Amino acid sequence: MPLRVVCFDLGGVVVRICRSFEEAALAAGVPLRRIPNDAEALRRQRDLVERHQLGHLGAHDFHRALASALGEVYSTDELARAHAAVLRGEYPGIEATIRLIGAAGLTTACLSNTNDDHWDALLAMPALQAMHARHASHLWGLAKPSEAIYRRFEREIAARGEEILFFDDLEENVRAARSIGWDAVQIDHGGDTAEQVRQSLADRGIVLPRAKC
């Protein structure tokens, strides 16, 4: 069955992100302080991030609960600033690549584990505006690598798994997509993501013209 849909994860594929709290805090100008790292504290932090990602906690409640989980070492304002700083902007060339994919007659979309705190900023980015469809974990209450989110995407986009080419930087998400029949490619977030996408398409017989500078 021919390829019809090209689906993108966002962080690490379309958008550069800070990959640790320390990196985000420094990007936001928030001083680094010692935080609780015992097993219970880490469990609480992971639970809050997951609930925020699934849309069960709004941004304000998430920052307030996280401040408590971190022993009030950081204020809610500092955590909000650090969280906003996670998004570092689009990868070079990715918007043009997405537009060329669309011009080639393929449907473009994203499927991201994200949250309401980041969503408006993401939607304002040219690369997302270039996509035909935009889907995210907090909107559906589902997250990768659960099979349910991939099946929901299939229904929303009206495509079968074998018609979808999927790009993600996390191995577990790629593996889950492949397990249900998607053609999934792991992206190296430290490299030229647009070129990796173009090469993957070329490997499948879809050669995009070079974007004009």
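Everything that follows concerns the structure shown earlier in this document.
The model shown is predicted, which means the values in this text are computed figures rather than measured ones.

Draft legend 1. Seen up close, the pattern of salt bridges. Taken as a whole, this structure holds 16 salt bridges when the rule is applied. One salt bridge connects Glu95 with Arg99, and the closest N-O pair in it is separated by 2.9 Å. Of this pair, Glu95 and Arg99 both sit in helix α5 (residues 94-103), separated by four residues, roughly a single helical turn. With its nearest N and O atoms 2.6 Å apart, the salt bridge here joins Arg204 to Asp183. Residue Arg204 is located in the segment after α11 (193-203), and its partner Asp183 is located in strand β7 (residues 183-186); the two are separated by 21 residues in the primary sequence.

Draft legend 2. Layout of the sheet that holds strand β5 (residues 133-136). Reading across from one edge, β5-β4-β1-β6-β7 is the order of the five strands in this open sheet, with parallel pairing throughout. The two strands at the open ends of the sheet, each matched to only one other strand, are β5 and β7. Ignoring strand direction, the axes of neighbouring strands in this sheet form an average angle of 20 degrees. For strand β1 (residues 5-8) and strand β6 (residues 164-168), the ladder comprises four bridges, and the chain directions are parallel. Within β6, the residue paired with Cys7 across the bridge is Phe166. Strands in contact with helix α10 (residues 171-179) are β6 and β7; relative to β7, the strand with the most contacts, it is inclined by about 165 degrees.

Draft legend 3. Expanded view of the layout of surface pockets. Of the volumes computed, that of the largest pocket is approximately 1200 Å³. What lines the largest pocket is a set of 41 residues, and nearest its centre among them are Cys18, Val49, Gln53, His83 and Val86. Only α1 (21-28), α2 (39-53), α3 (59-69), α4 (76-84), α6 (116-123) and α10 provide two or more residues apiece to the lining of the largest pocket. At seven residues, the largest contribution of residues to the lining of the largest pocket is made by α2. The residue inventory of the lining of the largest pocket, partitioned by class, reads 19 nonpolar, 14 polar and eight charged.

Draft legend 4. Representation of the environment of Ala65 within the structure. Take Ala65: it is sitting in helix α3. Ala65 sits in the partly exposed class, given a relative accessible area of 24%. As a C-alpha pair, Ala65 and Trp140 span 75 residues in sequence and 22 Å in three-dimensional space.

Draft legend 5. Region of the structure containing α3. Looking at α3, one finds that the buried residues are Ala59, Phe62, His63, Leu66, Ala67 and Ala69. One side of α3 holds all its buried residues, which, seen down the axis, span an arc of 160 degrees. Of the surrounding secondary structure, the elements contacted by the buried residues of α3 are α2, α4 and α6. With its phi angle positive at about 70 degrees, Gly71 sits one or two positions after the end of α3.

Draft legend 6. A look at helix α9 (residues 147-157). Within α9, burial applies to Ile149, Tyr150, Phe153, Glu154 and Ile157. The buried residues of α9 occupy an angular sector of 145 degrees when projected down its axis, which confines them to one face. Next to the buried residues of α9 lie β1, β4 (107-112), β5, α8 (137-140), β6 and α10. The first or second residue beyond α9 is Ala158, which carries a positive phi of 55 degrees.

Draft legend 7. Quick look at the packing of aromatic side chains. On inspection of all chains with the given rule, the structure shows six aromatic pairs. Their ring planes at 85 degrees and their centres at 6.0 Å tell us that Tyr150 and Phe166 sit as a pair that is edge-to-face. Of this pair, Tyr150 sits in helix α9 while Phe166 sits in strand β6; the two residues are 16 residues apart in sequence, bridging distant segments of the chain. Phe166 carries the same exposure label as Tyr150, and that label is buried. Where Tyr150 meets Trp182, the ring centres are 5.1 Å apart and the plane angle is 85 degrees; that geometry is what we call edge-to-face. Placement of Tyr150 in helix α9 and of Trp182 in the loop between α10 and β7 is noted, with a sequence separation of 32 residues between them. Exposure class is identical for Tyr150 and Trp182. Each is buried. One aromatic cluster is present, formed by Tyr150, Phe153, Phe166 and Trp182 through successive ring pairs.

Basis of the calculations
- Residues numbered from 1 in each chain as written.
- Predicted model: local features only at pLDDT ≥ 70, side-chain atom pairs only at ≥ 80, totals over all residues.
- Heavy atoms only, no water.
- Salt bridge = Lys/Arg side-chain N within 4 Å of Asp/Glu carboxyl O.
- Helix = DSSP H or I, 4+ residues; strand = E, 2+ residues; numbered from the N terminus.
- Pairing = 2+ DSSP bridges.
- Axes fitted to C-alpha atoms, helices over the stretch in contact; angles between N-to-C directions.
- Contact = heavy atoms within 4.5 Å.
- 1 Å grid on protein atoms, 1.4 Å probe; cavity = no way out; pocket = protein on both sides within 12 Å on 5 of 7 lines; lining within 4 Å.
- Points joined across faces, edges and corners; volume = space filled by probe spheres on them.
- Nonpolar A, V, L, I, M, F, W, Y, C, P; charged D, E, K, R; others polar.
- Buried < 20%, exposed > 50% of the residue type's maximum accessible area, 1.4 Å probe, protein only.
- Arc of directions from axis to C-beta.
- Phe/Tyr/Trp six-rings, centres within 6.5 Å; stacked < 30°, edge-to-face > 60°.

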